[in-house]
Every structure is written in C-alpha cells, then in structure tokens.
Amino acid sequence: MMNASRIFTVAALCLVSAAHAETYPAKSIRFIVPFPPGGPTDVLARVLGQKLSEQMGQPVVLDNRPGAGGNLGLELAAKSAPDGYTLLLGAVGTLTISPYLYAKLNYDPARDFQPISLVASMPNVLLVHPSVPAKTLKELVQLAKASPGKLNFGSGGAGTSNHLGGELLKSMTKIDIVHVPYKGASQAMLGLIGGQIDIVVIGTPTAIPQIQAGKVRALAVLSSSRLPAIANVPTAGEAGFPGYEVTTWYGVLAPAGTSKDIVARLNTELAKVMTVPASRDRIVGAGFDPMTSTPQQFAEFIKAESVRWGKVIKDAGIRAE
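These notes cover the structure that comes with them.

Criteria and thresholds
Residues numbered from 1 in each chain as written. Predicted model: local features only at pLDDT ≥ 70, side-chain atom pairs only at ≥ 80, totals over all residues. Heavy atoms only, no water. Axes fitted to C-alpha atoms, helices over the stretch in contact; angles between N-to-C directions. Helix = DSSP H or I, 4+ residues; strand = E, 2+ residues; numbered from the N terminus. Parallel < 35°, antiparallel > 145°, perpendicular 65-115°, else oblique. Left-handed = near helix turned anticlockwise from the far one by under 90°. Contact = heavy atoms within 4.5 Å. Nonpolar A, V, L, I, M, F, W, Y, C, P; charged D, E, K, R; others polar. Salt bridge = Lys/Arg side-chain N within 4 Å of Asp/Glu carboxyl O. Buried < 20%, exposed > 50% of the residue type's maximum accessible area, 1.4 Å probe, protein only. Core = buried A, V, L, I, M, F, W, Y, C linked by side-chain atoms within 4.5 Å.

### Focus: the packing of helix H2 (residues 39-56) against helix H11 (residues 277-285)
Moving on, step 1. Between H2 and H11, the least distance of the axes is 9 Å, while the angle of their chain directions is 165°. Comparing the axis directions of H2 and H11 gives the class roughly antiparallel. Remark: the crossing between H2 and H11 carries left-handed chirality. Across the interface between the two elements, Val43, Leu44, Val47, Gln50 and Lys51 from H2 touch Ser279, Arg282 and Ile283 from H11.
Moving on, step 2. Split into classes, the residues belonging to the contact of H2 with H11 amount to four nonpolar, two polar and two charged.

Here is the structure:
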C-alpha cells in the first residue's frame, strides 16, 4: 500500500506538471532543423516555426544543425532537456534509415525521442533519360531483365532516398541495375539529364521542372495517388507494381520524457497550422503534402517505416560511406 508521504509526493508532481502545461510556453522554443538553410525542408521548418510562434505567443527559433546526414542535429536534440523548449524536425532518413547504415549512433530514435506529429511528406518520381527505350515501368523492368547489369541508377549517396528507391525496385522485381552514387541528389539529376545515368528516383521539387521541360521521362509516381502537376504520370501501383512507394516524410518530435500535456498541446497547435490556407499553400508550394497525426500514430508509423527500410538496407548490404 502507498504511504501518505508517497501519495502526497505523486500528487504534488502531478500538480506541478499540470501547472507547467497551463503556463507553457513561458519563453522561446528552439526548433532544431538537422538540414542546412535554404531548400524545401527549410521552407517547411520556417512555416511551422512562424505559425507556432503566432499561435503560442512565444518566439520559435530555428536552429539549423546540418552534418553527418542529419545525425548531428538529432544527437543535439536527444541530449536536450525534456521541458518542451526543444523541438526537432525529424525525417525518414534520420529516424528510420540511419540506425541501419551507421555502426554507431549517438542517439536511439526509439528511445530518445517523443513523437508529436507527422507534418509533411514529399512524393518521389522514377525518371529515366529519354534515350532509355522504355515508356512504362513494366517496360523498364523487362529491359533490365533482358540485359542484367547494363542499366544504372543514380543517387545522392549511399542510404539516401534515391538510393533506397532504386534498391527497393531491385528487391521487388529481382532486376540487376548498377548503383552510381553522387555527392547529392542535384548532382544525380544532372547526371541523368546529361545521359551519364539511366534512372533516378527523386523528389518532386527537383523532378517536375525537368519533366515539364522534356529533359527526362517520368515512368511512375512513387506514392498512393497521382500528382496534379504531372497528372498523366501513373502511380507505381497503377503501373503494375503495388507497394512500390518511396516518400520522404517529416515530423516534429521532442526529447523523450517531455510531459504528455505539453506533447498534446504541441500536437494540437501543429494540427492548427495545417488548417491555415496560407501555411498549407506555402507547404504545398515547396513540394510537400501537408500531414497530421496523433503522437501514437506517428510512433507506429516510425516503427513500420523502420522495419520496411531496414529490410531493404540489410538485403542490399548497404553501409554509410
């Protein structure tokens, strides 16, 4: 049986927690972004930070901490106090891919973070150089099977979404295509436009302008639905390859141990951001699909994605370069 002093202590802690949540936030919030300034991800972070600041009445200060594929930013967030004043913009790479790529990380995605909400996803598109004699995804697979090792695909480096998108296609179809890593996805796209590589899986902000300019051919959108900007391009499922989906997603997290009341408050505020037309328009304009979720849904999503990409990485024998 719990003694009186123990009951008093627990009750007091609950009251302190409740009072803290009611006054939260009482100062500025640091929003760690493990990517460099500029580009679509930074646009997403700035939209979120600006609207959260307006809604919650305190500054939300972006802290860009790029490096080591985003792992430096996550390490910093993992070591921060769980008081609601440090938030993190996490992504598929750092939360579900890095643990399988690196022999040692200074953070554990499952142990060190409290998921708050998914906020956005970015579909990828499978592109080929116009010289590749395949007009559909089925024709590309048939071509690869007829000439093992002759076709290649580019990526922004080992373990990037471009790389894993190609490896997932290899795994699903049992084709032999050769990986050509570049130092960044933009360089891989230039390699495709220049004809140095045959195939690339890449995000919509980079893909769509080149598709519309006729410099590359799109064979499939790797998401569950078609994209309005390239509505004539089928999804991989429609092209005969259900389950071949590669999306780059983002979510907001806090250090593990952050109170449930604060997590619930932040979840509600992030959901509000997605109801503001101007905010949604900026997010969509940067190439993202706005998203919302409960903390539990986000946690379950991370687990499922970790299992999925972990298998691809292990089967392909990929390690960080």
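### Looking at the side chain of His129
Moving on, step 1. Within the element layout of this structure, His129 appears in the loop between strand E4 (113-128) and helix H6 (137-146).
Moving on, step 2. In this structure, His129 is in contact with Leu192, Ile193, Gly194, Gly195, Ile197, Asp198 and Arg217, ignoring residues within four places of it in sequence.

### A closer look at the pattern of salt bridges
Moving on, step 1. Using the criterion set out here, one finds twelve salt bridges in the structure.
Moving on, step 2. The salt bridge partner of Arg30 is Asp63, with a shortest N-O separation of 3.6 Å. Highlighted residues: Arg30 in strand E1 (residues 29-33) and Asp63 in strand E2 (residues 60-64), separated in sequence by 33 residues.
Moving on, step 3. For Arg30, a relative accessible area of 26% translates into the label partly exposed.
Moving on, step 4. Residue Arg46 pairs with Asp42 through a salt bridge whose shortest N-O separation is 2.8 Å. Within this pair, Arg46 and its partner Asp42 are both found in helix H2, separated by four residues, close to a single helical turn.
Moving on, step 5. Overall, the relative accessible area of 40% leaves Arg46 in the partly exposed class.
Moving on, step 6. With a relative accessible area of 4%, Asp42 lands in the buried category.
Moving on, step 7. When salt bridges that share partners are traced, they join Arg30, Asp63 and Arg65 into one network.

### With respect to the nonpolar core
Moving on, step 1. Membership of the largest hydrophobic core comes to 45 residues, with the highest contact counts inside it found for Leu126, Leu137, Leu140 and Tyr244.
Moving on, step 2. Ranked by residue count, the leading element in this core is helix H12 (residues 295-316), at five residues.
Moving on, step 3. In this view, Tyr244 contacts Leu126, Leu137, Gly165, Gly166, Leu168, Leu169, Met172, Val201, Leu222 and Ala236; residues no more than four positions away in its chain are not counted.
Moving on, step 4. One finds Phe31, Ala91, Met122 and Val273 within the second-largest nonpolar core, a separate group that totals 32 residues.

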